[in-house]
Amino acid sequence: MDNIKKIILVPWDFTEGSEIAFQHALQLAKAGGNEIMLLNIIPRAWIIDSIYRKVNFKKIETYNAKIEKAASELEHKYGFKPQTLVLEGYPKRIIKELILTAHVNLIVAYYAYKFGSKEHRISRYLKNLFFKDTTLPFIVVSKAPIHSHYIEIVIPVDYDRKFKEAVHWIIYLAKYYKCNVNLIKPFLTDDGKKKQLANNIYFTKKMLDGVNIVYGIKTAKKKGTFEEEVFRFARTIEADLVLIMSDKYDDFLDSKQEAKHDIPVMCVNPRIRKYQSFY
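Quick caveat: nothing in here was measured; it's all calculated off a predicted structure. (Residues numbered from 1 in each chain as written. Predicted model: local features only at pLDDT ≥ 70, side-chain atom pairs only at ≥ 80, totals over all residues. Heavy atoms only, no water.)

Caption draft 1: Geometry of the sheet that holds strand 1 (residues 7-11). An order of 3-2-1-4-7-12-11-8-9-10 is seen for the 10 strands of this open sheet, with the pairing classed as mixed. Edge positions in the open sheet fall to strand 3 (83-89) and strand 10 (215-219), since each of these has one partner strand only. Between one strand axis and the next, the sheet turns by 25 degrees as a mean value, whatever way the strands run. Judged from the five bridges that link them, strand 9 (residues 180-185) and strand 10 form a sheet pairing that is parallel. Within strand 10, the position partnered with Leu 183 by the bridge is Ile 217. This element, helix 8 (residues 226-236), spans strand 8 (152-156), strand 9, strand 10, strand 11 (241-245) and strand 12 (265-268) of the sheet and lies at about 155 degrees to strand 9. (Pairing = 2+ DSSP bridges. Helix = DSSP H or I, 4+ residues; strand = E, 2+ residues; numbered from the N terminus. Axes fitted to C-alpha atoms, helices over the stretch in contact; angles between N-to-C directions. Contact = heavy atoms within 4.5 Å.)

What follows is the structure, encoded as structure tokens:
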């Protein structure tokens, strides 16, 4: 089982946006030795999917031919042919089942996805993947990669006790991609919050020092919101990724910000097992 390659899942709606997501997935797949799977979903509402599981094979065949053609075009363009999959049903159920059965360890998605004729904010589906049996991370993108590989990652450190879970993912990313770790902490005046933030900083430094990962720590300016300062700093250093806990997603990005944002955001959930890793 250890020799089975992990899969990066890319929701595929045949748009330019899904190809942008593929470009990011490709960088990660090459660095980690992963496969990439393009997933096209023929959507059904939850209530219909709950009582009616009959598959429209003719429609599946049509979309299979279409997505296979797209995969061949990607292979010709990028030198890497992804796997393909077309499924019909309720999107959240489909993604959950794939996570649990298909060795998927990461989702890389464009911020919007067309289910049928309607465009949806895909983070609405992904940020709620707090399943009992998985802690799958996901990356939301809106622009093509600015570098050939991930070089700079920015991690907001806050006073939330759950932040310590993000440190494990920082270590995995730094080890696999040899990227620079840039920590940024908020400007605080509340003594209680300052104390918890200090604890998180101490824990983070201890963990990173223990595995010889070099990092920098910056304090956000007082004038703006912490979220604004995080992305201002990320743009200044041309960061390739901002890493946050998934329950903070709406604090950092809303639907309007997603559309114009040029830095990928990786969201991670608390791990289940002590040594569960990204790869």
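Caption draft 2: Helix 8, seen in detail. Buried within helix 8 we find Phe 226, Glu 229, Val 230, Phe 231, Phe 233 and Ala 234. Packed against the buried residues of helix 8 are strand 8, strand 9, strand 10, strand 11, helix 9 (249-252) and strand 12. Directly beyond the C-terminal end of helix 8, a positive phi value near 55 degrees is found at Glu 238. (Buried < 20%, exposed > 50% of the residue type's maximum accessible area, 1.4 Å probe, protein only.)

Caption draft 3: How the structure looks around the packing of helix 1 (residues 16-32) against helix 3 (residues 57-78). Packing of helix 1 against helix 3 leaves a shortest axis separation of 12 Å and a crossing angle of 60 degrees. Accordingly, the angle class assigned to the pair helix 1 and helix 3 is oblique. Crossing of helix 1 against helix 3: the hand is right-handed. Contacts between helix 1 and helix 3 involve Glu 19, Phe 22, Gln 23, Leu 26 and Lys 30 from the first element and Leu 74, Lys 77 and Tyr 78 from the second. Considered class by class, the residues forming the contact of helix 1 with helix 3 number four nonpolar, one polar and three charged. (Parallel < 35°, antiparallel > 145°, perpendicular 65-115°, else oblique. Left-handed = near helix turned anticlockwise from the far one by under 90°. Nonpolar A, V, L, I, M, F, W, Y, C, P; charged D, E, K, R; others polar.)

Caption draft 4: Fine view of helix 6 (residues 164-177). With 14 residues, helix 6 should reach 20 Å at 1.5 Å per residue; the first-to-last C-alpha distance of 21 Å fits that figure. Counting buried residues along helix 6, 10 of its 14 residues qualify, which places the element largely inside the surrounding structure. Turning to helix 6, its buried residues number three or more, namely Ala 166, Val 167, His 168, Trp 169, Ile 170, Ile 171, Tyr 172, Leu 173, Ala 174 and Tyr 177. Where helix 6 is buried, its residues contact helix 1, strand 8, strand 9, helix 7 (191-210), strand 11 and strand 12. Trailing helix 6 by a residue or two, Lys 178 shows a phi angle of about 55 degrees, which is positive. (Expected span 1.5 Å × (residues − 1).)

Caption draft 5: Expanded view of the packing of helix 6 against helix 7. In the contact formed by helix 6 and helix 7, the axes pass within 10 Å of each other and the chain directions differ by 25 degrees. On the basis of the axis angle, helix 6 is roughly parallel to helix 7. Both helix 6 and helix 7 take part in a crossing whose hand is right-handed. For the pair formed by helix 6 and helix 7, the contact residues are Lys 164, Val 167, His 168, Ile 170 and Ile 171 on the first element and Asn 199, Asn 200, Phe 203, Thr 204, Met 207 and Leu 208 on the second. In terms of residue class, the contact of helix 6 with helix 7 is made up of six nonpolar, four polar and one charged.

Caption draft 6: Region of the structure containing the packing of aromatic side chains. This structure, assessed with the given rule, holds six aromatic pairs. Relative to Phe 252, the ring of Phe 231 lies with its centre 6.1 Å away and its plane at 85 degrees, an arrangement referred to as edge-to-face. Of the two residues, Phe 231 is situated in helix 8 and Phe 252 in helix 9; the sequence distance between them amounts to 21 residues. Pair check on accessibility: Phe 231 and Phe 252 agree, each one buried. We note Lys 66 situated over the ring of Phe 14; from NZ or CZ to the ring centre the distance is 4.4 Å. For Lys 164, the ring lying beneath its charged end belongs to Phe 203, and the centroid distance is 5.3 Å. (Phe/Tyr/Trp six-rings, centres within 6.5 Å; stacked < 30°, edge-to-face > 60°. Lys NZ or Arg CZ within 6 Å of the ring centre and 35° of its normal.)

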